[in-house]
Structure formats: structure tokens, C-alpha cells
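# Examining the three-dimensional arrangement
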Amino acid sequence: MTVKQAVQQAVFVAPAERDELERMRRAHAAAAEQFRVSASGPEVWGWQGRTLGRRAGDCWLRIVSAEAGKAGGRLWEGTATADTHVPRSVPRPRLRGVLDWTSQDVAYRAELTEYISTPPVTSGTPVLDQDIALPDSWWAELKSALGTLATVPTNRESVRQNWVDRNFRRFLGIAPIRIRETTTGHADLHWANLTRAPLILLDWENWGRLPVGYDLGLLHAYSLAAPATAARIRREFGHVLDTDAGRTGELIALGQLLQACSRGVHPHLTPLVARQAEHLTNIPVPTP
């Protein structure tokens, strides 16, 4: 899923239509047969039923589908390019195989990756609703991973200036600002994509260039209902968030999350995100 889709439409459920449900299940079974693995365990559905993953022995088998004419490109290739371009010191599942095919005008990509037994901090939602005690070593590992990732050269663009130009007045009530400093980042840094200790970063579909402070601003925003954890993020990463560039990235993350909230996603988080945006801008956010 793209970062905007993940933020705007956080709907991680199976397809409502029976035909779509069975189509994805058949595709997953076909991929398992090709990889010669046996899928078991519960189904894990992604954005609007577009992806389906299940454990397959010591692997995780995930398929993604799209209309045949819309397959391919940056998001389609994100997991594979991360596997070849991002250093191994950034903890993430190893990719073991990729399979592409098209059936009845629908394109599929199957990705067989290492199974991660350590659970994510949250399941089914990116939001942290209560504080969590993570060891100092976990925070050090996150800082190291993001620092290493920042050094990776890539032409993949995860967050674009044109989103800022179109949406800042509508969701933040301020004039668009220029993205002047970028870095390489994960672009979906939230609690469902971070495991408990030991730290592993999941879901590399949208990694690429983004504004400095965007990843950390997004993680902080998803932590606002857990104030002690939110405060820990600001202590650990104040050297990024408390700079002009970091403030820009955080505002973009908050704006995208407010766009999601305007569509009914995470309603309990909405006033907290609005308050954080107002804290940074000293301008009330527009009311719906």
C-alpha cells in the first residue's frame, strides 16, 4: 500500500464481496504451490483486501493484486528493492522469492519472506492506544536503523511536494511550505510495522525519499494517545524533530493523518493530532 493509502484508508479487512475473497484465496494457494510451501495460520488482510498474507512454515507468504494495467512500478517493487538496496544492519525480514503472474486481467505479485515470530507492537491498527515499556536497547536499535537507512541512495520518492501544495491549507490551515531537506526513510513508520524487542521493521512497500522528520513525526502522531511513549519519541529524536527541517516533515505527517481523520479513520486520535498541529503552527486546524 502507498503511504497515503495507509494513512488515509486504514482498512485492514477481507474483501466484502465473496468473489473477491475467494479470488485472493485462490491466488494465495497458487503461489504457495509454486513456492512449494504449505500456508497455515490465520489470514492477514491488507488495505481494502488488496493484500493477503499467511504463515508458510518458516516463511511468510504475501500476495498483492492490482488491475493488470496498473501493476508494476515503485510500490509493486518496494519489498524487492529494499531487500537489495537497504543494508542488512537495518533489521527486516529477508526476501526469499518473488513470483509475478496475470490471470483474467488481474496482476499478482507473491513475496516469500522470512517469518518473524516476534509480534508487532500493535496488531490491526497503527495506533498505540496505551503506553508500552520498551527497553533502552530497543530505542537504540530504532535510532541506529533509521540512521543507517538515511544514508541509502535511491531515486524512489515516497512523499511529494505536490501533496503539500494541494492540501496544507485544507487540513492545517497554513500556506504550503517547501520541502528543502529530504532523507531516505521507511515511509510507513507506525506501531503495526515495528516489532517488540528485538526490533524488526516490517512492510517495506513504500520506502524511499521523504522529508526529514516525516517518519518520526508519523510515529509520534500515532503515539499521541500514549503520552509517555510520545514523550519518549521526542526525547530520543529531538535532534531531528526540533529542527526546522524536522518540523516540516512532522507537519506533513500530521496533515496526511488529518486527511485520514476527515474520512473517519482513527476518530479518537483526531483531536490529539489537531492539537499537535496547532502546537507547531499556532494556527487552529480547519474544522470539517
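What counts, and at which threshold
Residues numbered from 1 in each chain as written. Predicted model: local features only at pLDDT ≥ 70, side-chain atom pairs only at ≥ 80, totals over all residues. Heavy atoms only, no water. Helix = DSSP H or I, 4+ residues; strand = E, 2+ residues; numbered from the N terminus. Buried < 20%, exposed > 50% of the residue type's maximum accessible area, 1.4 Å probe, protein only. Polar contact = N/O pair within 3.5 Å; in protein donor to acceptor, adjacent residues only side chain to side chain. Contact = heavy atoms within 4.5 Å. Phe/Tyr/Trp six-rings, centres within 6.5 Å; stacked < 30°, edge-to-face > 60°. Axes fitted to C-alpha atoms, helices over the stretch in contact; angles between N-to-C directions. Parallel < 35°, antiparallel > 145°, perpendicular 65-115°, else oblique. Left-handed = near helix turned anticlockwise from the far one by under 90°. 1 Å grid on protein atoms, 1.4 Å probe; cavity = no way out; pocket = protein on both sides within 12 Å on 5 of 7 lines; lining within 4 Å. Points joined across faces, edges and corners; volume = space filled by probe spheres on them. pLDDT = per-residue confidence, 0-100. Pairing = 2+ DSSP bridges.

### Regarding the side chain of Ser223
Locating Ser223 in the fold gives a position in the loop between α6 (214-221) and α7 (227-236). Relative accessible area serves as the criterion here: at 0%, Ser223 is assigned to the buried category. Here Leu219 takes part through its backbone oxygen, which lies 2.6 Å from a polar atom of the side chain of Ser223. Contact partners of Ser223, with chain neighbours within four places excluded, come to Leu128, Trp191, Ala230 and Ile233.

### Observations regarding the packing of aromatic side chains
Enumeration over the complete set of coordinates arrives at 5 aromatic pairs. Taken together, a centroid distance of 4.9 Å and an interplanar angle of 80° make the contact between Trp138 and Trp139 edge-to-face. Trp139 shares its class with Trp138; the two are buried. Here the aromatic cluster, defined as three or more aromatic residues joined through ring pairs, consists of Trp138, Trp139 and Trp191.

### Comments concerning the packing of α6 against helix α9 (residues 244-261)
Two quantities define a packed helix pair, namely the angle between the axes and the distance from one axis to the other. Relative to each other, α6 and α9 sit at 50°, their axes nearing to 7 Å. Compared by their axis directions, α6 and α9 come out oblique. As α6 packs across α9, the resulting crossing turns out to be right-handed. Seen from α6, the contacting residues are Tyr214, Gly217, Leu218, His220 and Ala221; seen from α9, they are Gly249, Glu250, Ile252, Ala253, Leu254, Gln256 and Leu257.

### Topic: the layout of surface pockets
Here the idea is plain: a probe the size of a water molecule rolls over the atoms and shows the empty space left. Size it by volume and the largest pocket reaches roughly 1,100 Å³. When contributions to the lining of the largest pocket are tallied by element, the ones reaching two or more residues are β1 (40-45), β2 (51-56), β3 (59-67), α3 (78-85) and β5 (106-114). The dominant element in the lining of the largest pocket, judged by the number of residues it contributes, is β1, at 5 residues.

### Notes on α6
Counting buried positions over the 8 residues of α6 gives 8, a clear majority of the element. Within α6, the full set of buried residues consists of Tyr214, Asp215, Leu216, Gly217, Leu218, Leu219, His220 and Ala221.

### Some thoughts on the confidence of the model for the protein chain
Per-residue confidence for the protein chain gives a mean pLDDT of 92; residues scoring 70 or more make up 95%. Low pLDDT, under 50, characterises residues 1-11; the stretch is placed with 47 contacts to residues that sit more than four places away or in other chains.

### Overview of the sheet that holds β1
Spatially, 5 strands are ordered β1-β2-β3-β5-β4 in an open sheet, and the strand pairing comes out antiparallel. Because the sheet does not close on itself, it has two edges, and the strands there are β1 and β4 (95-103). Adjacent strand axes in the sheet meet at a mean angle of 15° when their direction is disregarded. When β4 meets β5, the two strands line up antiparallel, connected through 8 bridges. If you follow Leu95 over to β5, its bridge partner there is Thr113. Across the face of the sheet, helix α2 (residues 18-35) comes into contact with β1, β2, β3, β4 and β5 while running at roughly 130° to β3.

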